[in-house]
Each structure stands twice: as C-alpha cells, then as structure tokens.
Amino acid sequence: MAAGNAVVRIPILGSESIVCGHGLADYMWEDMFASLAAASTYVVITDTNLGRLYMDGHRAAFAAAWGRVRPEGPAPPRLLVRELAPGEASKSREVKAEIEDWMLAERCTRDTTVVALGGGVIGDLAGFVAATFMRGVGFVQVPTSLLAMVDSSIGGKTAVDTPAGKNLIGAFWQPQRIYMDMAVLATLPEREFANGMAEVIKTAAIWDAAEFAVLEAGAAAVRAAVLDGERAGAEGAALLLRVIAASARVKAHVVTHDERESGLRGLLNFGHTIGHALEAELAPHVLHGECVAVGCVLEAEVACRLGHLSAASVGRLARCLRAYGLPTAMDDPLLVARAGPERMARLRPARLMRTMGVDKKNIGAQKRLVLLRTLGATVEPRPLPVADALIEEVVSAGVHAGPLPPRSASGDGGGGGGGGGGAAAAAAAAAAAVVVVPPGSKSISNRALLMAALGSGPCRIRNLLHSDDTQVMLAALQAMGGCSVAWEDGGDTVVVTGRGGRLHVPPGELYLGNAGTAARFLAAAVALAANGGDCADSATVLTGNARMRQRPIGPLVDALRANGTAVEYCEREGSLPLRVAGGGLAGGRIQLAASVSSQYVSAILLCAPYAREPVRLELVGGKVISQPYIDMTIAMMAQFGCRVERVDETTYVVPAAPYVNPPEYTVESDASSATYPLAVAAITGGTCTVPNIGSASLQGDARFAVDVLRPMGCHVEQTATSTTVRGPARGGLRALPTVDMEPMTDAFLTAAVLAAVAAGGPERVTRIRGIANQHVKECDRIAAMCAELARFGVAADDLPDGIDVHARPLAELAGEAPSVHCYDDHRVAMSLSVLACVAPAGAEIRERRCVGKTWPQWWDVLARDLGVPVRGADPAMDQPSGEPDHHHHANNSKPDSSSSSSSSPTDMSIVIIGMRGVGKTSLGRVAARELGREFVDLDELLERDVGLTIPAIINGSGWAAFREHETRVLAAALGGAQRTGAVVACGGGVVEAAENRAQLKRHIAAGGAVICLVPNMAQVAAYLGRDTTRPAFAAASDIHEVYARRLPLYAESCNYELLVDTALLSGASDGAATPGAWALIERDLVRLARFATGADLNRVDVARPSSCFLSLTAPDVREYLPARLGVVTEGAHAIELRADLLLRGCPGADAGAGADAFVAYVHRQFTLLRHSSRLPIVFTVRSEPQGGAFPAAWAALQARLLRCAVRWGAEYVDVEISDAEIKDSAQPLALAPPARQRSLLIASFHDTVGDRLRWGATPFGADVLARARAAGDIAKLVSVARTWDDNMACQAFVREHHSAAASLIALNMGERGRMSRVLCPCLTPVTHPLLGAAAAPGQISAAQINQARALCGLLPAQRFVLFGSPIAASPSPAMHNAGFAHLGLPHTYGLCETADPEAVRAAMAQPDFGGASVTIPLKEAVIPLLGALTPAARCIGAVNTVIRTADRGLLLGDNTDYLGIVGCLQQAQLDAQTAPFAAARALVIGAGGTSRAALYALHALGVPRVAVFNRTPARAQALADEFARLFAELRVVERLEDAAGAAYVIGTTPASDLCLPDALFAAPGVALDMAYKPRWTPLLEAAARRKWAVVHGVAVLIEQGIHQMERWTGAIAPARPMGDAVHAKYATDC
Ligand SMILES: NC(=O)c1ccc[n+]([C@@H]2O[C@H](COP(=O)([O-])OP(=O)(O)OC[C@H]3O[C@@H](n4cnc5c(N)ncnc54)[C@H](O)[C@@H]3O)[C@@H](O)[C@H]2O)c1
C-alpha cells in the first residue's frame, strides 16, 4: 500500500480527527501508535467480507508500524480480530454480548482500543461495544463502505437493532479517529457504492451548489475511479477523494454545530421522510440509499410544487442520482425489479402517509420536510411544515384532474363562437390569458449548446431541455475545455461561456450513452480541437452504449477524413467507437452523403466556421433527408452571427467567421408539448399564449394552432415567435370532416381529445388521417385513444391510417370520473388530461409519472398555471382485491386490460370462415367432434330456415336477398343460444356484407375465435370445378379475382388463420396433394381451435427445473423433414422458427412487393412445422442490429410477421426490446395485448457486446428486466460472458428474479458463457449436433445441458419403475434407460413386480420416485393412489403412466396406450391407404383395461362405428354401455363373423387361441395386436395371410413408451435409440 502522504484532514468537534487518503493501512497504525493514547490491546471488529480482503494487510501493517514508531521499544501490543457475518443481522444485542464475552475472556482491559473495520453495520455495533465496554474504551472508525465514510462513521451515533425497530438501543460515542481509505472502495460492490452516493448527492443538494455541479459532471469519472480503481489514474483518484472529503466535511460541520441533533442536523434528513417510509415497506430488498434517492426527488417535487425550486433543478437532481445507478421514482424499473411486485403493491399512498406520521421530525400531526430552494441550498436551515395533500400527491401513482369550473360570463362570452364579442370582452379574456412555456426542444437545445461553446463569451441559455442527451453534450464540451458552465435562476438558466473554439482533445474516452445527436456533432467538433497546441497529435475515442455503437456514422467520417482529419474505427467499420484526432479542419470543398441522416450535415455546418478555409459543403448521394432540420441549423447559425449561403439545393457555403454569442438565447419550446396548454384553452374557452413558438418555427407541430385549432373554431393569433389561442365558449368546438396530420403526427392525440367534444357545428365526426406511424409508437396510440375515449363515453374508430372520432356534447360525457390508462405514454396522459378539464367529474389518470419523459412538471403547470384542480389518486385502490399486482403492471402499458383473461378458456363458439371449397364444413366437423362441441353449418341452417336451397334463393330473389338471410342467420348463430359451445362454419361470401364483418368483429372483441382457412387457390379452383351443388363462378379466373377482393375482408374479420394446403409436404407446384395431408390439417385445426379457445395452450411447463427450445437455422424447414426434425428436437420442449433466417429460402422477398410472398412463405414454413411436431413454436424475427438476418429497414415487415405469428397461433412470440432505446426505431411494441391474443410474448434484450448487461455490477440489468416484464410475459436477457464469473453473476441474478410465476430466461453468449446456459432456469435456446450451425455463439445441445446439470448435482437422479405382474421379460427398462442415457439424464428405470397396490403406494412415496409405467393387473387399481388424472385417463378409466409433476410433486395418472394405438394406426393407414377413419368400421377384440384404451383411440381417430367382441359378452356389453356416447354406433358382437366389414381390427387380449374367420378380412384393412409376444400373434398371422397390413404389439409398445418418456421429461423423446433398444432386447428374447 502506498504511504499516506497525501492525506486530507477534516476537523470535527474541534479536532482534525477525520483522515482521508489513498492506501492508508500503514499510515493509520503509525498514526494511532504515535498520536493516540497507548493501548495494550487493539480489538479489530470487522466482517468476513473485509476480513478476507484486508486483514492480512492490516496485520502486516500493524507489526511494521510498531517497528517504525518504537524501533527499540517494548513488545508490540496485542492485535485481536473478530470477524462477524456481514449484514444487518449482526447488529444485534446478541452479537454485541458475544463480542463482549469474548473480550472479557481475552482479558481486555480499560486501555483497549476498538477498531471498527467495515461498513455502517460494523461501525454502529463496534462503536456501541466501545461505548459500554468497561464504561467506555478507545474507539477508531475505519469505514470501508461509501455510506460509512460519508455518513455513519461521522457523528458518534452508535446502536444495535431490536425486534421493535432499527437503532433503538445505542449511545453517542465519538471515535478518536476516522480513517477513510479510498483504496478499499475498489472492492465495494457497485450497488453499495451507489447506496453511499445517495447520501453524497443529498448532502451536496442541501449544502453546496459547486459540489453538486462537480458530482453532476463527474458521474462517469467518479464511477470509473471506484470501479476501475488503478486504471482510472491519478486524476480519477483525486476526484474521488475530493468528492468524498467534501461530503464528509459537510457532515462533520453539521455534527460540530449540532452534535445531539436538535436543529441543523435535521437538514441532513432531506429525502429521508419519504425515503424512510419507503424503506419501511421495501427493506432489505431495497437499500437505504436507494429509498433515500427516491425520497430526495419526491421531496424536491414538493418544493417545486410550492414554488421554491425550479423544475429544471428537480430534473437535474433526478438525472444526477440516476447517473450513479440510483432509482428516482416510485415506478422506477430499478425499484420495481428490486422490490418485486408484491412489495410494490404495498406502497399505497395512505399507508406511506401513516408511516410518515410517526417521523421524529413531525410536530404533532404536522409533517415537516427539508425544502430545497436550489441545488445547494434550502429554503430554511431546518425542515418546514408541509400539507399532507401535497405529500400524498407526490407519492401517488395516479392523479385526479379536472374539471375546471367554467369561467365568469365575461371570459366565456369573449371567445363565444370564435369571433365578435367586442373590445371589452376581448380585453377581459386577454386579462385571463395564461402564458405557458413548455420545455425546450431537444434539437434546438443541442445546437445552441455547441454553438455557445464554440463562440466567445457568455451566453445565457434559457429553457434548455434537461435530458440525458443535453447532459452528455454539456459534459463532453466541458471535457474538451471548450467552455465553462454555470447555472443561474435556480438552475433554469445555463450560462455557457465559450472559449472561441479553443478546444483540446480530451485524453481517454468521451462516453456518449445513446445520444445520437451529440455523437455526430462531437465527432466533427473533436476534429477542430487543439490546432497546433500541446496536444496536437493526440486523439480521443468517442464511444457510446451498445446501441449507439450500431448506429451509423460512416458518411460523416468519410467527409472528415477527406478533409484531412485522422479518424479510425476502433471496432466496426461505420460505427462508434471512433478514434478522432485533433488538428483542425482544413475546410474548402467538402462532399457529404446526406441521404441517411441530416445530422451529418448539421455537424459539418455547425463546425465549418472554425475551419482554416471557408467551407463549401456539397451534398451528394441522393435525396437529402429531413431538410427542415438542416434549415433549423442554418437559421440558428444566423442567430449566432454566421450566415450560411445556400448556393443551390445541395450546396452550402460557410464563411470562416467564428460565432458571436448572443448574450441570451432562449430555446424554442417543444412544439408537440405546446399543443396541450393550447388545447386546454381551446376546450375550456380560455386563452393561452406560448410565447416562444410561432409561424417562423421549424418544428412541424408548430402548425397545430393554425391548421387544427383555428378550423375547429378557436381564435388564433400567431406571430413569427409566439402563438395565442382563445377557445370558443365551452362546447363550441367544431368537428373537422378530415384533417391530414402527417406533418405533425405527434399532435394527433391532442386533436383527438378536442374532436371528442367538437359537437358545436353541423358535423359530428372528425376524421384524422396520415398518422399510420402512431400505431407503433410508445404504444399503439390509435388503439389506446379509442379505448380511453370510450371511457368518457366517446366512440372512435381505429383505422390503419387514422382515427374517426365521434363527438359527444359536453353534457353527455360520462358522468362519473373515468379512470384512464396511459400505456406509459406521456402523450396519452397529457392529451387525456385536456379532456379531463371538461369532463363533468374530471378524470383519474392512472399513471401520473409517465409525463416525465418530456414534461415532468405538466401536472404543476396544469394546476398552477392553468388552474385545473389536481390531486393525488391511488388507482390500485379501485382494482378488485386479490388481483395480483403484476397483472396490473403487465397490463398498464397496453390497450384493453381485459386481455388479462388471455389464459382462461372460453366456451364461446368457434367460427370458421374462408373461401368456398377450402374445407370449412369437413374440417369444422372434425373440430367439433374433437372438442366435443356442436357443429353448425350456416348454409344448412339458412336453407332450413328459408325452406329453399341456396341456388333456389339466389335464382329466385337474387344475391342481396341471400345476403340478408345470411346476416340474420349469422346473428342467430352468434347471438342466440348457440353463441357458446358450437363450431360454426360460414359460407364463403359471408365477409362480403359489412354487417356480417361487424358481427364477426364483435364476436372477436367479446373473446371469441374466428378462424380463417387460408387456401391453396389452385386446389380450391380444381375442387370447385367439380362441385355442382353451389352457384358456379363464371370462369376459373373469376375465382381468383373474388379471392383477391375478399382477402382483406377475411383478414379484418378473423383473429386466427390456418393454412389449408394438402400439397405442402410434396411441395408440388400443381397443388398435388400428399397422402395423409388432410389428416395433418385436421389435427392442426383441432390444435389451433384448442389454443384459440384456451382449452390447450400447449405451453412449456416453466415449473420444471430446466427447459429448452431448439433454434432452427435452415432457410427451409423441409431440410429437416420428414425424419430429421424428430431427431434434432430430442430433449427440446419447444422449437424456435427464426423467420429472418428463412429469407435465404425465399428468393425475391423484400419489404415492398415481395413482402406478401415472404409472409406466405413463412406461413407455409410455420405450417410444415405444425404438421411435423407437437412442440410449441417460438416465433422470432431478428433484424441485423438485433443480431439477426432481417434488414433493419424492414421494421414494418418485421412487425407484420410478429402479428401474423399470433394469428397463426404461435405459442410464443419473441420481440426484441433493446430497440426501445432508440427513439427512431419503428418497432417498439407491435404486440401489445389484446393484439397478443393467447400467445405469450417473450421480451428479449440482447447485449451482443456484453458491456451493458453486466449482471451483478450495474442496476442496468434490473432496469432492463423491469422493462422486459412490463413489455412481455416472459423476460429474456442475454449478455456475453467475458469470464467464468459472469456465469455466476448471471446465476445470482436468476436466483433473485426468476420464479415460475415470473419467468426469466437469462444467459451469456460466447464460449465462456456456456455454464450460464446450463444454469438458465427455463426456455434455454439449444442446438443439436446434427444442425450445421448454432443460432448463437456458445449454444449447446439439450443433452449436454442435462449432462452438465447432472454432473453439477443440479439434476438429482430419479427412479422410474414399471408396476405390474408378470413383467420380468418386459422390454420397457431397456427402452427407457436407453432414452434417459441418450438425453443425458441421470435417471434409471427398473422393475417393481407386484400386484399389490400397497406396494405401489410405498414405491411412489420414495423421495427419488420420478414416475412409472403401469401394466396388468394394476391399470385400474392404481387410480385411487393418484392425485389427479388426465382427461384421457379419466375417460379410459385406466392408467398406464404415472407422472410426478414439476411444480408440486403431484402424482398424475395418464394413459399413453391409446396414443400408441393412434400413432401406429395413423401411420399404417397412410402407408396402406386403407379406408379413411371417418368412414370406417372397426372391431375391438377383448373387454379388459387395454380394450378401453383401444376404444378411446378409435374415438380419437374419428372412427364412427365400432364392434366389440369378448369371450364373455356380458363384459363386452358393460364396456359398450360405458363408451357408447363416443360413437355413432357401438355394438357387441357374439361371433367375429358379425364384425365383417371392419377395416381396423384391434386385439387386446393376451390369450389368442381365437379362431379368426376369413370373412373378417374380406375388404382391405389393418390389424393391430397389443400383445407383443410372440411377434406374430394368431390375429396378425391371419390378417397377413389375407394381405392385410399389420401392426405388431412391439410397435405400439415403443410408440406409447415414447409418449411416456415425453410426459416424464416434457421434451421430445429419442425415438430411434428407444426403439433400437426394444428391438435388440426383443431379438435376444424371442
Ligand atoms: N450511525 C449512523 O449515523 C448511521 C448513519 C447511516 C446508516 N447507519 C447504519 O449503517 C448501516 C448500513 O451501513 P452500510 O451501508 O455500510 O452496510 P454494511 O455495513 O452492511 O455494508 C454493506 C456491505 O458491503 C460490504 N462491504 C463494505 N465495505 C466493503 C469493501 N470496501 N469491500 C467489499 N465489501 C465491502 C459489507 O461486508 C456488507 O456486506 C445500517 O445499519 C444503518 O443503520 C448508521
């Protein structure tokens, strides 16, 4: 350790006893020996964390220091060390007593010195020991946590906790010395560091403006100094020391002046009143400092509401806290992630208010808060009383706004009708006018900052936007020495004093986060730096977060290079990080490609005045984008004294003339924000002026007043720089027949709320168009507005390109205050608050804080400036009790929270639509039968109803009459008694009538399913050519036309789609069907219908300790068909279809004309997978920036595919959320419920570089997790492992955040990250050795994961058994053991030969029992021993499989015998082309347990007529009676001859000395025998003799065994190895 020569000493209570420095161990012991009273024993109390890290060093330092201080003196004193368990639990009376007993046993005397080496826990406890041991001994603090350094070690408060509360028993006992060694912070966990920073920032906020500014600007450097230790260099170390010493100094000062906390010391409680109330609910999950951080911001908001503190200051405070990794709001994702939904649910305002009621600062019932006046000073040097209502408002999630009481008559009349009214009235109105200055525009703010820094002298910038982006810009300009920055007017004004363009290249890096504008502008600015100065050759690295490092910057770099600046890409060509050298811009002719971003142009223009030569900038490379922003730059440069000449469309000349800073510059307000106060005036008949936006503004939304408000009836006065709006008398707004809002899309929400009450003219409907992009903003804003306006009683239609709003007169708005959702969208919240002003009882806005994104002070403005009543509201109180809170969270960002029922089944009818001839009736019948529902054919119903055939109706009365009948019948089918429980097949043209489409949409809206069968048109045309029962299409070409016309009508009328294409497997272009394809389609429809109704959602059981999905990588899934898919999916629980990887399989696909073809291709691929696997599908489309193959520019097509996947019934849809970080991304949440329907949304965040998502280190992970959870149902977080430890960090994160109720997929990519895949709790993506390429680096196979988990002891070996007798010769052990081994599972399968259910019960009670097969004679006897039965087992009345479920260890009985039969018969039918099941007869021989499975199998196959034969007919009869309801006909035959005509014969009796008459085998058929010994049973021999196809018992055994294995593991079983094992055993035995 370095000698502590550079120590800083801080006085406290009259002596300089606080010592700060870097590497203090030697210094500290020497100082103690030399300057403090001698002690015979030094007792170091520490915790095991610190003991491990630092005690060796201290022991050595102790001995060495003694040697130096007393070279020839007495023997050294004793050094005793006591290491305690880390954590608050050690701060107890019991631990204190243990320490004291130990010290007594060690014979410590009064001349002992206690040294506390640790955080606040150790300090408080050791201090209390020192205070009471022998009535007080010497005490030294060596604080090691930041919190301890700046807070707990200073002031002499010591204490222990008791069950009644924290710190209740203690003493004041001042330490003789406090040694703060910055070096130890290097090992402090980052979260603990942030925890301490909360106190540091708090202290600066109340005390020292300059210090606050240092903290604000230095966040990155301070964090680096702590986290990177040595690497941050001497400068970083000095900064850290300065910051900590400054904070400690304040605390020491306050303690010195108020040791016993009677006045001044109360100031240190800033943020603690609310912070403690939060801590009471959230500790220990949320740390003290984290709660205080939130408390600071909320208490600052109170000061702001009271008019003491500026809004800008609240923003700066919050941003500063955030920069150190602290939460700043009660809905902060960080807080939510740490606390968990249950605890967050406890944060009711009323409860928090009660807790605050017992704060020691209160005087009686009156609460007192420390109120800031500015950052660095308080209103008074003590806490002040504050009204409860105000505190309650800031701790509430929601807000109740409005109504604004009508103004006096003069004010009202003044604007009446928008005109006239006389001068007096106008004057009165003007007097009532309010002036509102919305926050500054981001684009203008950034430009102003750069120019002011490059110019000379001070420029007072007012109304600067306070956001992360501008913060980054300011910090970088300061780092380049370009300017100095000061704050005035309590932070409202920033004074930038420019240094005339004298920049230097900052050493190291400039980290720019995701600030795109700053990155582009600064790249050019760095090039200007240090023209010939001392750092002429130096360069700096511009870098940003991973997202920023994907955003393009190439054209700008090319232009700079061509102009002589040395720029290198450090990683990827075309993106940050960049190494930019200084040396100045040469100037002259610069060519620049400006078709990607106008920011490149602005960057060059803004820096051009400082080039050596005048610049002639030529824009090349196609159409220049965003010209208005270039115009904005030029206009602003003129304001800073530089006139750019635009020579022609693409050429600009910039003189070499430095900027002349205007003394003052007011940033124009954001024009979108300005629409809200103007709209309040419009809707309430008031007057409002926005003084800094006018006709000269370059922002599109500046036209809102003139283009929208004026035509609606407002009086608008707009000058070049200001806008004043006076509304008509209340209720006087007029609807606009159509308004194209394309130039100002963000303002459409404001227009929509005005349109909602625009009933003052002849029209009622306002049609807003040109806003398609608003479907995919922060939420689907159009859907959101329709849903929320409805709560006010206002109807609106959601259109692809717009919205139609049907106005209601004010008096007809909903009488009670509606409670509205904002979908976490600031614009939704602010616009609805405008409507709340005139709603009879106002409105409750459920998410108050979402306005923070652009206008955190909106509610203050609404209340203070616009006079609208605003108070806190607790929306959670209106939720039905018992609703889990995460539901509320999961839903609040999506339109229509009714989707919370998305997993509960519905028995509403399933409607099938589609072209005639596609198979609606026959498929519908199958679905009805399988789902046990009634089948309704709408055409039949109609014919019955009218009493005529359809051709007769049409020939007699025409098409129109027919459609009328159809509408009526459809209404009857969907609205009447048949609304539930049926499968309804409609006529092909049902969607032609608008009323029918509306009916279908209502059915969907009510939660029903409408499945559209999507045809292969070639097949349909061929089929219809043969059909004569329906009115003909005139020509073959007609039918294609009809289809093309109906396509969009079908699409809008259904919510699910099923591809019906029997040629899919053959791939034949002529539409030739593949045998068996129809059966696959039937199965797919049944599956889709079950999914759509919620009857079977086919989800992966996340309660399993691990599950995985196979990522397919081929461009065409046919590469895996027919057999390879089963092999590669072995061990997988789901299968991922990466639609982006399919691009290579579909030549000609593109985002334009080729889009439809690609969607159709993907649908075929999806269907092929459905045909070939029962596994749930995870549907994913990754763009190039997301690590996939889809061009980034195809975002709209990407979103379309995701929506298609939901319609196709994909069980999981994966959406990447990292895009949400880029504002210009077109794909935030394409799939908000209810658009998600029954699919689960996996919200994925991929950090492909691995620098952002550091599991343990940063709060970012928790932040991202919270975002993912808000966006989707399952969170998927992926980083990259750099070291092995990253896996452990990931695992710790998983342990904290994963549960079956809140699933989390978390892993690290890369070779080093493999272990994280092994440990990933659910839905781990896997590959298979037979797949060429893995979908991601480091991917391993399912079997490898199982092996690794087993080796690590994470997958305990389970025992599986076969119960029954006799079973000695069973091949099951060979089969299942082969299966387990192949899957890498450590389980074993053995025999338990018994006929006694009690023995079975005992075996199943063993802790390692995993599951069982059950055979004769126990298949029925086992049932009473089980916890539950599957529907199949219940219906069959026999169990052959016992499953131990993952979640509660419940024993579940199932029957896979029937599946064995079904699978084998289906294959045989396909191979032998025997009679279709639906038209066949069957015979079952036998009436025991197995025959029950056979009957159920025949039912499942759809065989309508079955005969049963048994030696004892009475038993057959009993069986037939029981199963009769499953068949059209089920009869008992006494002689086998009587069953002649059966195409399928199933034998279920082991004894087979039956005489099988030839007559039985007259027509072709399939015989199956369940007996597998001998291989050729008499039944099979007889059948084979008559050329029947045969199924051997062993095949059924294997098939059912595979199903068994799949039920036990939840994954695909390795069919081949299991079959091979059986055959091998069979070959040796038989
Ligand atoms: N006396 C006071 O005036 C006062 C003021 C504030 C807080 N407190 C008390 O302080 C306690 C909280 O203190 P804390 O936040 O320091 O908690 P802490 O003492 O529990 O330390 C936090 C964690 O960080 C570890 N740690 C500390 N320094 C480390 C280092 N340099 N390297 C690696 N690990 C390190 C600790 O082992 C512990 O696990 C509470 O009990 C609180 O009541 C007292």
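The structure displayed is predicted, hence computed values, not measured ones.

1. Digging into the UniProt feature "domain: Shikimate dehydrogenase substrate binding N-terminal" (unreviewed entry) in the protein chain
Part 1: The sites that UniProt annotates as "domain: Shikimate dehydrogenase substrate binding N-terminal" (unreviewed entry) are residues 1362-1442.
Part 2: Each end of residues 1362-1442 is marked by a C-alpha atom, and these two atoms are 10 Å apart; helix forms 31% of the span and strand 23%.

2. Quick word on the site of the ligand
Part 1: Taken together, 25 residues sit near the ligand, with Asp-47, Glu-88, Gly-120, Ser-145 and Thr-187 positioned nearest.
Part 2: In the model, an oxygen atom of the ligand is placed 2.8 Å from a nitrogen or oxygen of the Lys-91 side chain.
Part 3: A distance of 2.7 Å separates a nitrogen atom of the ligand from a polar atom in the side chain of Thr-187.
Part 4: Taking 860 Å² as the accessible area of the ligand by itself, protein coverage stands at 87%.
Part 5: Considering only residue class, the shell around the ligand consists of eight nonpolar, nine polar and eight charged.

3. Topic: the sheet that holds strand β9 (residues 177-181)
The pairing of strands in a sheet happens through backbone hydrogen bonds and is either parallel or antiparallel.
Part 1: Within the open sheet, the seven strands sit side by side as β1-β2-β9-β6-β5-β3-β4. Their pairing is mixed. Two strands bound the open sheet, and with one partner strand each, they are β1 (8-12) and β4 (78-84). When the angles between neighbouring strand axes are averaged without regard to direction, this sheet yields 20°.
Part 2: Relative to strand β6 (residues 138-143), strand β5 (residues 112-118) runs parallel, the two sharing six bridges. Within the sheet, the bridge partner assigned to Leu-117 lies in β6 and is Val-142.
Part 3: Running over the sheet, helix α1 (residues 25-35) touches β1, β2 (15-21), β3 (41-47), β4, β5, β6 and β9 and is turned about 165° from β9.
Part 4: Relative to the sheet, helix α9 (residues 233-257) contacts β1, β2 and β9, its axis offset from that of β1 by approximately 15°.

4. Section: the packing of helix α6 (residues 190-207) against helix α11 (residues 288-305)
Part 1: At a minimum axis distance of 8 Å, the contact between α6 and α11 shows a crossing angle of 40°. Here α6 is positioned oblique relative to α11, judged by the angle of their axes. At the point where α6 passes α11, the crossing takes the left-handed sense. Here Arg-191, Asn-195, Ala-198, Glu-199 and Lys-202 of α6 come into contact with α11, specifically with His-288, Gly-289, Glu-290, Val-292, Ala-293 and Cys-296.
Part 2: Within the contact of α6 with α11, the residues separate by chemical class into four nonpolar, three polar and four charged.

5. A closer look at the pairing of strand β14 (residues 398-401)
Part 1: Judged by which residues are buried, β14 turns out to be covered on both faces: Gly-398 and His-400 on one side and Val-399 and Ala-401 on the other are all buried.
Part 2: As defined by bridge partners, β14 adjoins strand β37 (residues 870-873) across four bridges and the pair is classed as antiparallel. In the strand pairing of β37, Ala-401 is matched with Val-870.
Part 3: By the bridge criterion, three bridges tie β14 to strand β36 (residues 843-845) in an arrangement that is antiparallel. Each bridged residue has a counterpart across the sheet, and for Val-399 the counterpart in β36 is Ile-845.

6. Remarks on the sheet that holds strand β22 (residues 578-581)
Part 1: Spatially, β19-β20-β22-β21 is the arrangement adopted by the four strands of the open sheet, whose pairing is mixed. With one partner strand each, in any of the chains shown, β19 (509-511) and β21 (567-569) form the two edges of the open sheet. Ignoring which end each strand starts from, the neighbouring axes of this sheet average 20° apart.
Part 2: Across four bridges, strand β20 (residues 539-543) lies against β22 in antiparallel orientation. Paired with Ala-539 across the two strands is Ala-581, which belongs to β22.
Part 3: In the packing of helix α21 (residues 516-528) onto the sheet, the strands contacted are β19, β20 and β22, and the crossing angle to β22 comes to about 35°.
Part 4: Relative to the sheet, helix α22 (residues 554-562) contacts β21 and β22, its axis offset from that of β21 by approximately 145°.

7. Some remarks on empty space enclosed by the protein
Part 1: What the rule picks out here adds up to ten cavities of 30 Å³ or more.
Part 2: Reported here for the largest cavity is a volume of approximately 110 Å³.
Part 3: In this structure, the largest cavity is lined by 13 residues; those nearest its centre are Leu-1058, Leu-1088, Phe-1166, Arg-1170 and Trp-1208.
Part 4: Contributing elements (two or more residues each) for the lining of the largest cavity: β42 (1056-1060), α38 (1077-1093) and α40 (1155-1172).
Part 5: A breakdown of the residues in the lining of the largest cavity according to their chemical character gives six nonpolar, three polar and four charged.
Part 6: The calculated volume of the second largest cavity comes to roughly 80 Å³.
Part 7: Along its surface, the second largest cavity is lined by twelve residues, and His-58, Leu-117, Val-142, Asp-181 and Val-184 are the ones closest to its centre.
Part 8: Here the residues of the lining of the second largest cavity are counted per class, giving nine nonpolar, two polar and one charged.

8. With respect to α38
Part 1: Helix length check: α38 (17 residues) gives 24 Å between terminal C-alpha atoms against 24 Å at 1.5 Å per residue, within 8%.
Part 2: Where α38 is concerned, the buried positions are Ala-1077, Leu-1080, Ile-1081, Asp-1084, Leu-1085, Val-1086, Arg-1087, Leu-1088, Ala-1089, Phe-1091, Ala-1092 and Thr-1093.
Part 3: Tucked inside the fold, the buried residues of α38 contact β38 (910-914), α32 (920-931), β41 (1009-1015), β42, α40 and α41 (1195-1208).
Part 4: Where α38 terminates, the next one or two residues include Gly-1094, which has phi positive at roughly 80°.

9. Observations regarding the side chain of Glu-100
Part 1: Within the fold, Glu-100 resides in helix α3 (residues 93-105).
Part 2: Ignoring any residue separated from it by four or fewer positions in sequence, one finds Glu-100 in contact with Val-129, Thr-132 and Phe-133.

10. Focus on the pairing of strand β8 (residues 165-172)
Part 1: Pairing of strand β7 (residues 157-162) with β8, which is carried by five bridges, proceeds in the antiparallel orientation. Bridge pairing in β8 places Val-160 opposite Ile-169.
Part 2: Taken together, β7 and the strand that follows it, β8, pair antiparallel across an intervening segment of two residues.

11. Re the pattern of salt bridges
Part 1: Enumeration over the complete set of coordinates arrives at 67 salt bridges.
Part 2: For Lys-202, the salt bridge identified is with Glu-199, shortest N-O distance 2.8 Å. Note that Lys-202 and Glu-199 are positioned in helix α6 at a spacing of three residues, about one turn of the helix.
Part 3: When the shortest N-O distance is used, the salt bridge between Arg-338 and Glu-290 registers 2.7 Å. Taken together, the residues span a long stretch of sequence, with Arg-338 in helix α13 (residues 333-339) and Glu-290 in helix α11 at a distance of 48 residues.
Part 4: Within this structure, Glu-88, Lys-91, Asp-124, Asp-161 and Lys-166 form a network of salt bridges that share partners.

Conventions we followed
- Residues numbered from 1 in each chain as written.
- Predicted model: local features only at pLDDT ≥ 70, side-chain atom pairs only at ≥ 80, totals over all residues.
- Heavy atoms only, no water.
- UniProt positions renumbered as here; feature names shortened; annotations may be inferred.
- Helix = DSSP H or I, 4+ residues; strand = E, 2+ residues; numbered from the N terminus.
- Near = heavy atom within 4 Å.
- Polar contact = N/O pair within 3.5 Å; in protein donor to acceptor, adjacent residues only side chain to side chain.
- Areas by Shrake-Rupley, 256 points an atom, 1.4 Å probe, with all protein chains shown as cover.
- Nonpolar A, V, L, I, M, F, W, Y, C, P; charged D, E, K, R; others polar.
- Pairing = 2+ DSSP bridges.
- Axes fitted to C-alpha atoms, helices over the stretch in contact; angles between N-to-C directions.
- Contact = heavy atoms within 4.5 Å.
- Parallel < 35°, antiparallel > 145°, perpendicular 65-115°, else oblique.
- Left-handed = near helix turned anticlockwise from the far one by under 90°.
- Buried < 20%, exposed > 50% of the residue type's maximum accessible area, 1.4 Å probe, protein only.
- 1 Å grid on protein atoms, 1.4 Å probe; cavity = no way out; pocket = protein on both sides within 12 Å on 5 of 7 lines; lining within 4 Å.
- Points joined across faces, edges and corners; volume = space filled by probe spheres on them.
- Expected span 1.5 Å × (residues − 1).
- Salt bridge = Lys/Arg side-chain N within 4 Å of Asp/Glu carboxyl O.

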